[in-house]
Each structure stands twice: as C-alpha cells, then as structure tokens.
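# Structural overview
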Number of protein chains: 2
Amino acid sequence: MMENKSISDLIEAYLKEILGDSAQIEIRRSEIANHFDVVPSQINYVIKTRFTIQNGYLVKSKRGGGGYIRIERVNLLDNIDVLNSLIQTIGDSIRERDAFAIVQTLYDEKVITQREGDLMLVALAKQTLDVGNTDVEARLRARVLISLLNRLRYES
Amino acid sequence: MMENKSISDLIEAYLKEILGDSAQIEIRRSEIANHFDVVPSQINYVIKTRFTIQNGYLVKSKRGGGGYIRIERVNLLDNIDVLNSLIQTIGDSIRERDAFAIVQTLYDEKVITQREGDLMLVALAKQTLDVGNTDVEARLRARVLISLLNRLRYES
DNA sequence: AAAATAATGGTCAGTATTAGTCAGAACAAG
DNA sequence: CTTGTTCTGACTAATACTGACCATTATTTT
C-alpha cells in the first residue's frame, strides 16, 4: 500500500487545514488552483467529491468580480433515521393527503415547529402545486417534500 | 480566509452604513461615485442589484439641478402597499435569485426564523422546482412564494 | 416668455473577471 | 484488461465594471 496521496487529497487536506475551527471559509478558486498548480476545475472536483452535504459541508459560490467559493461546516442532526424512512415512503410521487400526513408526523415527532409545518403545508398544497396535470403535480410534490426533508437533516 | 469584496459590495455596505436607522437617505450619485473612484453608472448598478423591492428598499430619484437618489427602507409585510407592489413585481413568474432575496429580507426583518427561511429557500430552489421548462418553473415558484407570503401575512 | 445652458441622473451594450459543467484523457488498483 | 478515480481544457454562465449617449430639471440669458 503506497502512501502516494493524490493532489486532490492534498487539496482536501489543505482546505480542511485552513478551515480549522472556523465555521466557514471563502476561497478563490484560481488561487487554490495556482497554489497546487492544477487547473481551476479540479477545485470543483475536490469540492464535489469531498465537501458534500453527507460529509457535513455546505458549499456556495459567487461568480464575477470578487467571486468566491464558500465552504461551510454544518451540524448533521440526529433525526436522520426518521427522515430517511419518511423519504423512502415518498417515492417519486405523492398525493396531498399523504404529504400532509408526513408533515403531521414530523410535528408529532417534534422535528419541526407548528409554524414550520404550516409553511410546509402551504408549499405542498394542491392549490399551490396544481399545474393542470395530476401526475406532474404529484411528482412535483414529492420533489418539494424530499427537498424539505433533506434540509431538515442538518443545521447551518 | 481573506475577504475579497468587490467595490460594489463596499458601496452597498457604505450606503447601508449611512442609512443606519434612518427611514431613508438622499445621496448624490456623483459624490458616491467620486468617493469610491468609479464611474457614476456603477452606482446605478449597485442600486439595481442590491436595493430592490425584493431586498426591502424603494428607490426614487430626480435629475437636473439639485437632483438626488433617495433610498428608502420599507417593511414587506407590515405595509399593505409595499406587499401589494411586491406581489405585483412577482407577478405570475419569478427567478430563483429574486425569490431568494425576498426570503432573505423577511429574515432580516425578523418576520421569519432562519430555519423557516431555510425551508422556504429549498421549496423555491431551482433544483426543487425544475420541471424541464424554465417558464413553468418560474410560474410555479411565483405561486409557491405568493402562497407562503399570504400565509405569513394573515398569520400575524 | 422662450431659448439656451448647466447640472444632474438613466440606460444599455460591451468588456473584464470570476466560477461551473462536462466529456474525455490519464492514471491507479485489482 | 477492466473499472473506478483523478485530472485537464474547451466551452458556458454569472456578476462586476466602464463609457458613450440619452433624459430631465434648474438656472441663466435674450
């Protein structure tokens, strides 16, 4: 077993080094690329493979003058099991009443507050998502609900 | 790491600084431009991108001798007129970035908590609402956002 | 008054400066 | 050799900045 780390590994370690105890860092893609003498897009590769939400990182960026890439460490919450099992029952399509039941479950399990639940209900309501096609609407609802559930897995 | 802000960011911060707790300020475009050593039209750029109604600001101006640009801070939900004009600018279609700006403003005004804002953001995100058609997506986003706003409006 | 001039701000298209995407080449492990 | 990972670069997208030209209002001159 060789100790030969890839450059991507070194970049990962470097970023985590300067992250240190900070909640977040802002870097310039070209600077990091320059520092390691690689093409800029490799920084995207490193971020995409090593700073995912599953690993507890949120990444945001801005282009143009004064642009940056911000890497933020987030706390993964411990309701993951509840959320995972709920996401599984959704599939790629869900009716309004079933979505509402899931929100109710979240509230019962104290994963969300009442107000958060109310906002979720509005976003999932037939009235809001109706696009004239019941199938499309149910798929859309599933996407919205899954996005919401995934967001509940962590906090910034 | 380093804070590499663009000049537009600095101008934005400066204007918000002198705005302070005041309801409004009146500036001279050429003065600000001079202060930061940029062309006057960049002030228009900063205002157009950072002091929109979505961001919670109303801007009026007058040309000619004694001309000025007035920047006024407004509350989105408290003021019926402001909310109506906001909903009007949303219309039946809105881009992700404009929707995000509105949610940010609601958070800044303490109308919603950070977590509520985060949930709203994912419900409005391109990733969530993308249905393969940009127009349909933007219309959906408008409906979701207006539903959420109305929910917040009639709650308090 | 009317006309000219001065003193403002507005618009828009073009350039500059960042980051993102994606397909494919290069490389490493089995 | 096969498969999965790393690395590259051409192309794309988003944001910032600039300057020439336009529009509006106030002031001065005739």
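Throughout, residues of each chain are indexed from 1 in the direction in which the sequence is written. To label them, take the chains in the order written and letter them from A, then take the ligands in the order written and number them from 1. Confidence filtering applies because this is a predicted model: local features only for residues at pLDDT of at least 70, side-chain atom pairs given and counted only at 80 or more, and all residues used for totals across whole chains, interfaces and linings. Only hydrogens and water are set aside when side-chain values are computed; all heavy atoms of the structure are taken into account.

### Concerning the overall build of chain A
What counts as a helix is a DSSP run of H or I of at least four residues, what counts as a strand is a run of E of at least two, and both are numbered from the N terminus. Counting its secondary structure elements, chain A contains eight helices and five strands. N-terminal to C-terminal, the α/β element order of chain A is α-β-α-α-β-β-β-α-α-α-α-α-β. Taken over the C-alpha trace, chain A has a radius of gyration of 20 Å; the compact-globule value for 156 residues is 15 Å, which it surpasses by more than 25%. For every residue, the accessible area (1.4 Å probe, protein chains only) is compared with the maximum for its type, and the residue is labelled buried under 20%, exposed over 50%, or partly exposed between those bounds. Within the span of chain A, comprising 156 residues, buried residues form 40% of the whole. As defined in this context, the radius of gyration uses C-alpha atoms, and a globule is described by 2.2 Å times the residue total to the power 0.38.

### Let's talk about the domain arrangement of chain A
Segmentation into domains, and thus their bounds, comes from an automatic or database assignment. Assigned domains of chain A: these are domain 1 (7-73) and domain 2 (76-155). Using only C-alpha atoms to locate each centre, domain 1 of chain A and domain 2 of chain A end up separated by 32 Å.

### Digging into the protein's contact with DNA strand C
When at least one non-hydrogen atom of a residue lies within 4 Å of a molecule or strand, that residue is treated as near it. Neighbouring DNA strand C are 28 residues; N44 of chain A together with R29, N44, R63 and G64 of chain B lie closest to it. Counting only atoms of DNA strand C within 4 Å of the protein, the sugar-phosphate share comes to 64%. Polar contacts, as counted here, are pairs of nitrogen or oxygen atoms within 3.5 Å of one another; within protein the pair requires one atom able to donate a hydrogen and one able to accept it, and residues that are adjacent in sequence qualify only if both atoms are side-chain atoms. Measuring from a phosphate oxygen of DNA strand C, one finds a backbone N or O atom of S30 of chain A at 3.4 Å. Among the elements of the structure, helix 2 (29-36), helix 3 (41-50), strand 2 (57-62) and strand 3 (68-73) of chain A together with helix 2 (29-36), helix 3 (41-50), strand 2 (57-62) and strand 3 (68-73) of chain B are those that each provide at least two residues to the surface near DNA strand C. A breakdown of the residues in the surface near DNA strand C according to their chemical character gives four nonpolar, 16 polar and eight charged. Gly counts as polar in this scheme, as do all residues outside two lists: the nonpolar Ala, Val, Leu, Ile, Met, Phe, Trp, Tyr, Cys and Pro, and the charged Asp, Glu, Lys and Arg.

### A look at the side chain of E116 of chain A
By the element assignment, E116 of chain A lies in helix 6 (residues 114-124). Using a relative accessible area of 4% as the deciding quantity, one classes E116 of chain A as buried. Polar contacts involving the side chain of E116 of chain A include one to the side chain of R115 of chain B, which spans 2.7 Å. Residue contacts are defined here by distance: any two heavy atoms, one from each residue, within 4.5 Å place the two residues in contact. Setting aside residues no more than four positions away along its own chain, E116 of chain A makes contact with R115, E116 and L119 of chain B.

### A short note on the protein's contact with DNA strand D
In the vicinity of DNA strand D, 27 residues are found, and the nearest of them are S8, Q42 and Y45 of chain A together with S8 and Y45 of chain B. One of the backbone N or O atoms of I7 of chain A is found 3.1 Å from a phosphate oxygen in DNA strand D. In the model, a phosphate oxygen of DNA strand D is placed 2.8 Å from a nitrogen or oxygen of the R50 of chain B side chain. Secondary structure elements with two or more residues in the surface near DNA strand D: helix 1 (7-19) and helix 3 of chain A together with helix 1 (7-19) and helix 3 of chain B. Its residues placed into classes, the surface near DNA strand D shows eight nonpolar, 12 polar and seven charged.

### Remarks on a nonpolar patch on the surface
Patch definition: residues with relative accessible area over 30% and no salt bridge; like charges joined within 9 Å; nonpolar side chains (Val, Leu, Ile, Met, Phe, Trp, Tyr) joined within 5 Å. Note on areas: these come from Shrake-Rupley sampling with a 1.4 Å probe, and a residue is covered only by the protein chains present in the view. For this analysis, a salt bridge means a side-chain nitrogen from Lys or Arg found within 4 Å of a carboxyl oxygen belonging to Asp or Glu. Judged by side-chain polarity, V131 and V136 of chain A together with V131 and V136 of chain B come together as a nonpolar surface patch covering roughly 220 Å² of accessible area. Within the secondary structure layout, V136 of chain B lies in helix 8 (residues 134-155).

### Here's the deal with helix 5 (residues 96-108) of chain A
Residue and element names in this part refer to chain A. By this rule, a helix spans an expected 1.5 Å times one less than how many residues it contains. Counted at 1.5 Å a residue, the expected span for helix 5 with its 13 residues is 18 Å, and the 18 Å between its end C-alpha atoms agrees. Packing partners of the buried residues in helix 5 comprise helix 4 (80-90), helix 6 and helix 8 (134-151). Backbone geometry just after helix 5 places K110 at a positive phi near 60°.

### Description of the nonpolar core
Ranked by size, the top nonpolar core spans 53 residues in total, and within it L106, L145 and L149 of chain A together with I90, I102 and L106 of chain B carry the most contacts. Looking at this core, the element that brings in the most residues is helix 8 of chain B, giving eight residues. Filtering out sequence-adjacent residues up to four positions away, I102 of chain B remains in contact with Q54, L76, L86, I90, I94, L145 and L149 of chain B. Put simply, a nonpolar core is a bunch of buried Ala, Val, Leu, Ile, Met, Phe, Trp, Tyr and Cys residues held in one set by side-chain atoms that sit within 4.5 Å of each other.

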